[in-house]
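If you want the building blocks of each chain, they are given just below.
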Amino acid sequence: MDSTSVTEHSTPDTPASVRPGAGPARSTAPRDRRQGAADARSEHSQPETGADPADAPRPRPAPDSIPAQPKPSRRRSAKQASGGKGKGGGRGSGRGVPPVKTTAAKAAPPASSPSGAPDPSGGPGGSGAPAGKDRRSGRAAGPGSGPVPMRRDGERLRFVGAATRRIARGMDLDEIVMGLCRATVPAFADAILVHLREPLPVGDERPAGPVVLRLRRTDRIPPDRVSGAPDPLPALPALATGEAPDAEVPPGSPLDEVLRGVRPVFADSPSAREALSGLLGEGADAVATGQHAILAPLRGRRRVIGAAVFLRGPERIPFEGDDLLVAAQLATHSALGIDKAVLYGREAYIADELQRTMLPETLPRPTGVRLASRYLPAAQTARVGGDWYDAIPLPGSRVALVVGDVMGHSMTSAAIMGQLRTTAQTLAGLDLPPQEVLHHLDEQAQRLGTDRMATCLYTVYDPVAHRITIANAGHPPPVLLHMDGRAEVLEVPAGAPIGVGGVDFEAVELDAPAGATLLLYTDGLVESRLRDVWTGIEQLRDKLEATARLTGQDHAPPLEALCDEVLDMLGPGDRDDDIALLAARFEGIAPSDVASWELYPENAAPGQARRLARTALENWGLEALTDSVQLLVSEVVTNAVRYSNRPITLRLLRTDVLRCEVVDDVPQLPRLRQARATDEGGRGLYLVSRLARRWGATRLSAGKAVWFELNHP
């Protein structure tokens, strides 16, 4: 065996000079090989005691969960030794270089500061928390401790990432500002004050007035009441009360220059102190000098929308230079989030206003019926939809009840719904039959577009006849709740949806007993991903009967409470579509409170009308209204006799008011005009408008109706 083979198979842990059986060739190894092994060993050795700790690499302790690695084997194969690339090999050939033996389970000694004292942060680079320190609350075991300085870039990145994620979770303005405060205190600062422009500009708006900043929110670490240590924060009134006077930013002022500069600044220069004074007012004198305060402008997409002030107490560790980058990231993410929240708020406001104007602001109070309604959007993200309801007073004390549903729930659906609702109101004013109204709505939907589909249910209630006339265009059937607590799904022809075209609609006439409640609704109430339409209708019927049992027989449940109980049947996952609900409680008008006559269009008709009205008022005990009623009836009947060719209908209704109706066959509506002093006529409607509580004229399918109302004495 030659010297080369002996050297290759020698054990790395034992020097060759003392290994038993070594030949003389071992002592004649080249000096440069031994020198290379020494250099390799010096690369993996620990620094000496007197070495500069800044130049020496810091040992990295292994996590507790990683087990200690076993020592390398003393025997190596000839292939590993000859290749020189095995574990522990040094530079160059790597032969004869002993590997570095490490034990992962051993914890590295604490890093030393340049002065030789242990790092107070408890870890490498000051990244850990001191003993007894609560990183969440910012309180320490003893006075003088505060937020731990972030001395490593990785720690700052982790903090900025967590903070921006928390800020990004907010949807509205308050949530975003609160996310900024909660993410900052106490991890980065002892306190924060967030000022925003008042009012906040929206989108590309250019505010005309001066820039005014208003305190929006503050946050701070709670004082340590346990140890009795003094409050480390400055005595700012805004931190104590959360209120501060508005700060106006004059052009060219130090505060204006800082805001225009966009970048955060320390409050250690004279100009920065003046800017802080312009923002905080008199309380700025209490802020610690030096790098204990950062003033960060909040810049949105177009302009600066506010400023944030990060504070640390005078006894705390001051901010570092890299903390300005952290403040800039927090300010940028917060400002962009606030800008988007303001835009979202404006869109939500527009959607709410659009939906509100598309639906009736208040329901009318027609004679003989009480009404209640509800509307629920599909979701908060879709505030507008195509569902609508309406109640339209008609001549003869009747009322039209309408519920419709345009396909979809978007701005387009809401716009189409508004046009169809306006068309329905116009057609109802012509007193067309329900089936004719749906026919004209179908034509209007086809004019709006080929894909404009909607369902609609049109009902007319007559309180005198106690009847309802219903026409349906592909809508879910109404439900009638009787006084005895029985809920009935009315059988009405389904019909085709509006917009199909070329379809005839059919109307049915049904009884409407006094005390019964009619429920008109859209399919969002009874249909969802969890149930089909007819299952939902059966659940609605059961819900109505269960609610009626709570009040007992012969006692109808309160109308508003009934609507709330109906909506309570919706469970999780049942809000796939918006919901429109219209409830009508039929009270009717008793036959004893109705007086009706037919008069021929002749000269004696006005006198006959006065006598009939006087007799009816005497029977009702309303003699105090005799003079006014006779005068107004005479004027209205006289106009009808002048132009009519067919019999005239005179009807008196006694409800909460006294109502008089005169119907003739002339379609032209009378107009109120100011008569001149020399005119012989033209003063009849002027007298009606001055003496009556309300009056009006409505065109009918075959003529018109003129009516007026008087209050009871």
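Note that the coordinates shown come from a computational prediction; the quantities given were computed from them, not determined experimentally. (Residues numbered from 1 in each chain as written. Predicted model: local features only at pLDDT ≥ 70, side-chain atom pairs only at ≥ 80, totals over all residues. Heavy atoms only, no water.)

Quick notes on the overall build of the protein chain
To keep things clear, this is the line we draw: Only runs of H or I of at least four residues qualify as helices and only runs of E of at least two qualify as strands under DSSP, and these elements are numbered from the N terminus. Summary of the burial criterion: residues with accessible area below 20% of their type's maximum are buried, those above 50% are exposed, and those between are partly exposed, where the area comes from a 1.4 Å probe applied to protein chains only. Here, residues are in contact when the closest pair of their heavy atoms is within 4.5 Å.
Broken down by element type, the protein chain carries 16 helices and 21 strands. For the protein chain, buried positions account for 44% of its 713 residues. Across the protein chain, every contact between residues at least 6 apart in sequence was considered, and the portion connecting residues at least 24 apart equals 67%.

A few points about helix 13 (residues 559–567)
For clarity, the threshold we go by: The directions considered for the arc run from the helix axis to the C-beta atoms.
All buried positions along helix 13 are accounted for by Leu 559, Leu 562, Cys 563, Val 566 and Leu 567. In an axial view of helix 13, the angular spread of the buried residues amounts to 135 degrees, which keeps them on one side of the axis. Looking at the buried positions of helix 13, the neighbouring elements they touch are strand 7 (369–376), strand 12 (479–481), strand 15 (517–521), helix 12 (533–551) and strand 16 (579–586).

Some thoughts on the nonpolar core
Basically, it comes down to this: Nonpolar core, defined: a set of buried Ala, Val, Leu, Ile, Met, Phe, Trp, Tyr and Cys residues in which side-chain atoms within 4.5 Å join the residues together.
Judged by nonpolar contacts, the single largest core of 50 residues is most densely connected at Leu 401, Leu 438, Leu 441 and Phe 586. If sequence neighbours within four positions are ignored, Leu 401 has contacts with Leu 371, Asp 390, Ala 391, Leu 457, Tyr 458, Thr 459, Leu 518, Leu 520, Leu 582 and Ala 584. Counting residues in each nonpolar core, the second largest holds 36 residues, with Ala 189, Leu 200, Val 202 and Ile 221 among its members.

Let's talk about the sheet that holds strand 9 (residues 399–406)
Pairing between sheet strands relies on hydrogen bonds along the backbone, with the strands arranged either parallel or antiparallel. The criterion, for reference: Whether two strands pair depends on DSSP finding at least two bridges between them. In this description, a line fitted to the C-alpha atoms serves as the axis of each element, helices being fitted only across the stretch in contact, and the angle between N-to-C directions of two axes falls anywhere from 0 to 180 degrees.
Taken in spatial order, the five strands line up as 8-9-10-11-14 in an open sheet, and their pairing is antiparallel. The open sheet has two free edges, formed respectively by strand 8 (387–393) and strand 14 (507–511), since each of these has just one partner strand. Adjacent strand axes in the sheet meet at a mean angle of 15 degrees when their direction is disregarded. Two elements, strand 11 (residues 467–473) and strand 14, share five bridges in a ladder whose sense is antiparallel. Considered in strand 14, the bridge of Ile 470 is made with Val 508.

Things to note about the confidence of the model for the protein chain
Quick reminder of the rule: Summary of the metric used: pLDDT quantifies the predictor's per-residue confidence within the range 0 to 100.
On average, the protein chain scores 77 in pLDDT, and the residues at 70 or more come to 73%. Ignoring residues within four places in sequence, the model shows residues 1–145, a span with pLDDT below 50, making 115 contacts including any to other chains.

Re the pattern of salt bridges
Inclusion rule: Any Lys or Arg side-chain nitrogen found within 4 Å of a carboxyl oxygen on Asp or Glu counts as a salt bridge.
In total, this model carries 30 salt bridges according to the counting rule given. Measuring nitrogen to oxygen at the nearest pair gives 2.5 Å for the salt bridge that ties Arg 654 to Asp 593. You can see Arg 654 sitting in strand 18 (residues 648–654) and its partner Asp 593 sitting in the loop between strand 16 and strand 17 (594–599), a full 61 residues away along the chain. With relative accessibility at 26%, the residue Arg 654 sits in the partly exposed group. One connected set of salt bridges, linked through shared partners, spans Arg 651, Arg 659, Glu 661, Arg 693, Arg 694 and Glu 709.

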